[in-house]
Structures are given as structure tokens and as C-alpha cells.
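# Structural overview for review
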Amino acid sequence: MNIVVTGASSGIGYATVLEMVRQKVTRIYALGRNAVKLQQLQNACAAIGDTEVILVECDLTQINFEDLRSVFGENCIDVLINNAGTLVYAPFENISPTDLDLIYKTNVYAPFLLTQLLLPNLKKSKIAHVVNIGSMGGVQGSLKFSGLSVYSSSKAAIAGLSECLAQELKTQGIKVNCLALGAVNTEMLASAFPGYKSEMEPQMMAEYIVDFALKQHKFINGKIVAVSATTP
Ligand SMILES: NC(=O)c1ccc[n+]([C@@H]2O[C@H](COP(=O)([O-])OP(=O)(O)OC[C@H]3O[C@@H](n4cnc5c(N)ncnc54)[C@H](OP(=O)(O)O)[C@@H]3O)[C@@H](O)[C@H]2O)c1
């Protein structure tokens, strides 16, 4: 099985790649910006399994997605996990167009364009599951927190996009779901809720994400699944 994970250099993405290796997938394309952390990930993977881990160092807000085509070539991609994300924590009135650009380019444009790029590769798979990592903040009707208007609205966008794509791609055998995560102890959580500690560690969440990504496409399509035991 061939897997693509964005935001693999830290937090939930890093743990997700390690869990995929434990599940003995054949190949993982691990995308991230930080070359040092990506190398650490590759070393950690080599210590626990035989999965081929291909590092793809790129800034998803800067690249021309067409340039990634040569990385994947004609290879079948079974699962795409659009996990990379970023957050600005600021009052609404202080949010600049630059902030808006950064958050929407990372959290919305990148999964949109990467999924588009990988459609030919996904169509070759019998699984063909796109898992978009959303947030409880992006779920309509959920409790909202001040300072997260750009972030949470971007996550609402990715949730909506997941529903749209599931409908549009179903005739091509591609399943699309969104996991709306609750709090997980990562750098991002610390920046959104300083001092707050969640009971959920990245490894625990990664186990859920990997199980969902590899198995649940048979049962679930076009859904926004809340994965949250606490608020926040
Ligand atoms: N932690 C939570 O409580 C929580 C809750 C709900 C949803 N989520 C979602 O879970 C996902 C993972 O977050 P996390 O908590 O694991 O955060 P994290 O530790 O900050 O990791 C974010 C990852 O995204 C990558 N990334 C950010 N901007 C990028 C860019 N422009 N180009 C390429 N890669 C970029 C980072 O790469 P670098 O290492 O190079 O910066 C890093 O690998 C995000 O989508 C987040 O919104 C998290």
C-alpha cells in the first residue's frame, strides 16, 4: 500500500507515519517543510520497520503543485492524508490579509490542489481514500473559541470540501472523509490554548487515523467524523 502524508515533520503527522510503518505499509511519501525533522522521522521509521519512506521537503504555500508530479510519477496512491495545517491565534480585528493567506493556503488550497494532482494516482487504487484532517472548531454548531476565526473557518472549508469531493469523485471509486479532531498535545495546541494539556497524545490519535484511513473507506464516505473526547 502506498500512502501520502502531509505535515509529516511533527505532531500528529509524524506519529501517523510511524504508525503506518508499524502497520507495514509498503511506501510512504512524507511531506514536510523541516528537513531535519523529516530526516529524524526517516531514521525512526527505519528502526521499526521495512517501509520505504520517501521524504518530500516542500512548503505547501510556496510550491507549484505540478512540480510534485515527478515525485509520484505513475505510482498508485492508496491513501492521501491531508494533515499539514497551521494556525494564527489573534483577535478578529488584528488578523491581516497575510495571516488569512497563510492559513487558507495551508489548510484549504494545499489539500485542494494536492488531491487534484493525485487523482490519476488514486484512481489506480482499490482503496483510494482521501482523509482530510479537520478540527472540531470547523464543525457547524460546535463550541467556538475566540481568537481562532481564520483557523476554524478554514477547517469548516475543508470539511465542506470533503463532502463535495465525496459526491463528485464517487463514480471514480475515490472516497473522501474529514476527521474533525479535538485537542491533541502538539505545538499547535500549545499555540491555540497556552497552558492547556490534553489527555490525547499524537500517538493515540495516529492509531485512530491510520485505522480509519486503511479500513473505514468501506463503511464511510463524505462524512465529517468528530474525533474528540473533550472540549477543547
Ligand atoms: N493538535 C490539535 O489539538 C489539533 C486539533 C484539531 C486539528 N488539528 C489538525 O491536525 C493537523 C496536524 O496538526 P498538529 O497538531 O500535529 O500540528 P503541528 O505539530 O504544528 O504540525 C503541523 C505540521 O504541518 C506542517 N506544515 C505547516 N505549514 C506547512 C506548510 N506551509 N508547508 C508544509 N507543511 C506545513 C508542519 O511542518 P513544519 O514542521 O515544517 O512546520 C508540521 O509538520 C493540522 O491540520 C491541525 O489543524 C490539530
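For the structure itself, look to the data block above.
Heads up: these notes are all about the structure in this document. Just so it is clear, the structure is predicted and the values come from calculations on it, not from any experiment. Per chain, the residues get numbers from 1 upward, laid out in the order the sequence is written. Given that the model is predicted, a residue must reach a pLDDT of at least 70 before its local features are reported, and side-chain atom pairs must reach 80 or more before they are shown or counted; all residues, however, enter totals for whole chains, interfaces and linings. Only hydrogens and water are set aside; all other atoms, that is, all heavy atoms of the structure, feed into the side-chain values.

## Some thoughts on the nonpolar core
- We call a set of buried Ala, Val, Leu, Ile, Met, Phe, Trp, Tyr and Cys residues a nonpolar core when their side-chain atoms join them within 4.5 Å. The buried label goes to any residue with under 20% of its type's maximum accessible area, the exposed label to any with over 50%, and the partly exposed label to all in between, with areas taken from a 1.4 Å probe on protein chains only. Ranked by size, the top nonpolar core spans 31 residues in total, and within it Met20, Ile81 and Leu179 carry the most contacts.
- Top element by residues in this core is helix α7 (residues 202–215). It accounts for six residues.
- Once residues within four sequence positions are removed from consideration, Ile81 is found in contact with Val4, Val5, Thr6, Thr16, Met20, Val131, Ile133, Ile209 and Ala213. Under the DSSP-based scheme used, a helix requires at least four consecutive residues in state H or I and a strand at least two consecutive residues in state E, with every element numbered from the N terminus. It only takes one pair of heavy atoms within 4.5 Å for two residues to be counted as in contact.

## Observations regarding α7
- The terminal C-alpha atoms of α7, which comprises 14 residues, lie 20 Å apart, in line with the 20 Å expected from a rise of 1.5 Å per residue.
- The inward-facing, buried residues of α7 abut β1 (2–5), α1 (11–22), β4 (79–82), β5 (129–135), β6 (175–181) and β7 (224–227). For a helix, the expected span equals 1.5 Å multiplied by the residue count minus one.

## Some thoughts on the sheet that holds β1
- Two strands qualify as a pair provided DSSP detects at least 2 bridges between them. Reading across the sheet, the seven strands line up as β3-β2-β1-β4-β5-β6-β7 and stay open at both edges, with parallel pairing between neighbours. Across the chains shown, the open sheet's two edge strands, defined by having one partner strand only, are β3 (52–57) and β7. Strand-to-strand, the axes of this sheet are offset by a mean angle of 20 degrees, without reference to chain direction.
- One ladder, built from six bridges, connects strand β2 (residues 27–32) with β3; its direction is parallel. Considered in β3, the bridge of Ile28 is made with Val53. Only C-alpha atoms enter the line fits that serve as axes; for helices the fit covers just the stretch in contact. Angles between N-to-C directions range over 0 to 180 degrees.

## As for the pairing of β7
- Only one face of β7 is covered, namely the face carrying Val225 and Val227; the face carrying Ile224 and Ala226 is uncovered.
- Two strands pair when backbone bridges link them, and β6 and β7 are joined in this way by four bridges, in the parallel orientation. Within β7, the position partnered with Ala180 by the bridge is Ala226.

## Notes on the layout of surface pockets
- Cavities and pockets were defined on a 1 Å grid built from protein atoms only: a cavity is a group of points that admits a 1.4 Å probe but offers it no way out, a pocket is an open group of points flanked by protein on both sides within 12 Å along at least five of seven lines, and a lining residue is one with an atom within 4 Å of any such point. Grid points are joined across faces, edges and corners, and a volume is the space filled by probe spheres set on the points. By volume, the largest pocket is sized at about 1,100 Å³.
- Around the largest pocket sit 50 residues that line it, and Gly85, Thr86, Tyr151, Thr186 and Met188 are the ones nearest its centre.
- Within the residue set of the lining of the largest pocket, elements represented by two or more residues are α1, β2, α4 (97–122), β5, α5 (149–169) and α6 (187–192).
- In terms of residues, the lining of the largest pocket owes the most to one element, α6, which gives five residues.
- A breakdown of the residues in the lining of the largest pocket according to their chemical character gives 21 nonpolar, 23 polar and six charged. In this classification, Asp, Glu, Lys and Arg are treated as charged, Ala, Val, Leu, Ile, Met, Phe, Trp, Tyr, Cys and Pro as nonpolar, and every other residue, Gly included, as polar.

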